[in-house]
Amino acid sequence: ASLEIMLTDEPFALRPGDVVGAGGDFGFKADSSALLMVALRAGVLHVFDGTEERPTADKPLKPSQTVKRFVEVIAGRCPYVVADGHHKASIEEHLAEHGLTYAPAPQTPAENYVAARQKLREGVVKLHTAHLPEDLVLRLLQQLRETQGKPTAGGGMSITHPRWARGGHGDIADALTLAIWRVCGTPIATPAPEEGTPEWEQQQREKRRKRHFDKMNRPFWKKAS
């Protein structure tokens, strides 16, 4: 029921003040590589863009090409990709070439899945289907329905996904939960751009735009003062 409620065909566009996160799951041979973008606005999580790159039996994915495709989707909206450490050595350098940071996932997958499940049950997750490939949406929904949590001896929980014969092992679900976990948690510190660079100029424009937006949306009693 929570998954059905989150589906919407409403368009979505980023605004100043949105907290944007990119969750990724990297696989190159047996598994897919998936990326989902989430924006937090006024307590609502908007899933508004993403991609899934799927290998074939005779053509595995290349880390450099996979990162390049992810960068095309992120397109300056976010300075990092949060992912687990399984393929960190393979892609961290490629991400750095495009100015992106490899942000670590929590130590246990249960942490991001529990956080995402809570937000789904609260009804504050919106999946904007108009901005996502139909096949990706269908595969994501199936992966979320098939996700299982099992208690562990230490009082924790382990997350399991069935492996599909046609490829897939919870990759898109991982990407979604990681993006939700990150934007709902502590923001990742990123180095400030050097003064005079295009990145610095863009940052200054965003600051001016945000100040103007905040000024126009102040309550009337504050505008009077």
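The structure under discussion appears in the preceding block.
Colleague: Would you explain the pattern of salt bridges in this entry?
Modeller: Side-chain pairs of opposite charge can arise whenever the charged atoms involved come near each other. Taken as a whole and assessed by the stated rule, the structure comprises eight salt bridges. Between Arg 145 and Glu 4 there is a salt bridge whose closest N-O contact spans 2.9 Å. Remark: Glu 4 occurs in helix 1 (residues 2–6) and Arg 145 occurs in helix 5 (residues 134–146); sequence separation between them is 141 residues. A salt bridge links Arg 77 to Asp 49, with the nearest nitrogen and oxygen atoms 2.7 Å apart. Residue Arg 77 is located in the loop between helix 2 (63–74) and strand 5 (80–83), and its partner Asp 49 is located in strand 4 (residues 44–53); the two are separated by 28 residues in the primary sequence. When its relative accessible area of 16% is taken as the criterion, Asp 49 is described as buried. Three or more residues are tied together by salt bridges with common partners; here these are Glu 53, Arg 69 and Glu 72.

Colleague: Just checking my understanding: could you explain the layout of surface pockets for this structure?
Modeller: If a probe as big as a water molecule is rolled over the atoms, it shows which places are left empty. Size it by volume and the second largest pocket reaches roughly 530 Å³. Together, 24 residues line the second largest pocket, and Asp 25, Asp 84, His 86, His 169 and Asp 174 are the ones closest to its centre. Listing elements by their share of the lining of the second largest pocket, those giving two or more residues are helix 4 (109–122), strand 9 (157–160) and helix 6 (171–183). Top element by residues in the lining of the second largest pocket is helix 6. It accounts for four residues. Here the residues of the lining of the second largest pocket sort into nine nonpolar, nine polar and six charged.

Colleague: I keep staring at the environment of Ala 115 and nothing clicks. Help me out?
Modeller: Tracing the backbone through its elements, the reader meets Ala 115 in helix 4. Sequence separation of Ala 115 and Val 47 is 68 residues, and the distance between their C-alpha atoms is 15 Å.

Colleague: Honestly, the packing of aromatic side chains in this entry has me stumped. Any pointers?
Modeller: Evaluated as defined, the whole model comprises three aromatic pairs. With a centroid separation of 5.2 Å and 40° between ring planes, the pair formed by Phe 26 and Phe 70 is classed as tilted. Of this pair, Phe 26 sits in the loop between strand 2 (19–25) and strand 3 (33–41) while Phe 70 sits in helix 2, placing them 44 residues apart in sequence. Neither Phe 26 nor Phe 70 differs from the other in exposure class; each is buried. Ring centres of Phe 26 and Tyr 102 lie 6.5 Å apart, and the angle between their planes is 25°; this geometry places the pair in the stacked category. Note that Phe 26 is positioned in the loop between strand 2 and strand 3 and Tyr 102 in strand 6 (residues 101–104), a separation of 76 residues in sequence. Across the pair, Tyr 102 and Phe 26 agree in class, each one buried. These aromatic residues form a ring-pair network of at least three members: Phe 26, Phe 70 and Tyr 102.

Rules behind the numbers
- Residues numbered from 1 in each chain as written.
- Predicted model: local features only at pLDDT ≥ 70, side-chain atom pairs only at ≥ 80, totals over all residues.
- Heavy atoms only, no water.
- Salt bridge = Lys/Arg side-chain N within 4 Å of Asp/Glu carboxyl O.
- Helix = DSSP H or I, 4+ residues; strand = E, 2+ residues; numbered from the N terminus.
- Buried < 20%, exposed > 50% of the residue type's maximum accessible area, 1.4 Å probe, protein only.
- 1 Å grid on protein atoms, 1.4 Å probe; cavity = no way out; pocket = protein on both sides within 12 Å on 5 of 7 lines; lining within 4 Å.
- Points joined across faces, edges and corners; volume = space filled by probe spheres on them.
- Nonpolar A, V, L, I, M, F, W, Y, C, P; charged D, E, K, R; others polar.
- Phe/Tyr/Trp six-rings, centres within 6.5 Å; stacked < 30°, edge-to-face > 60°.

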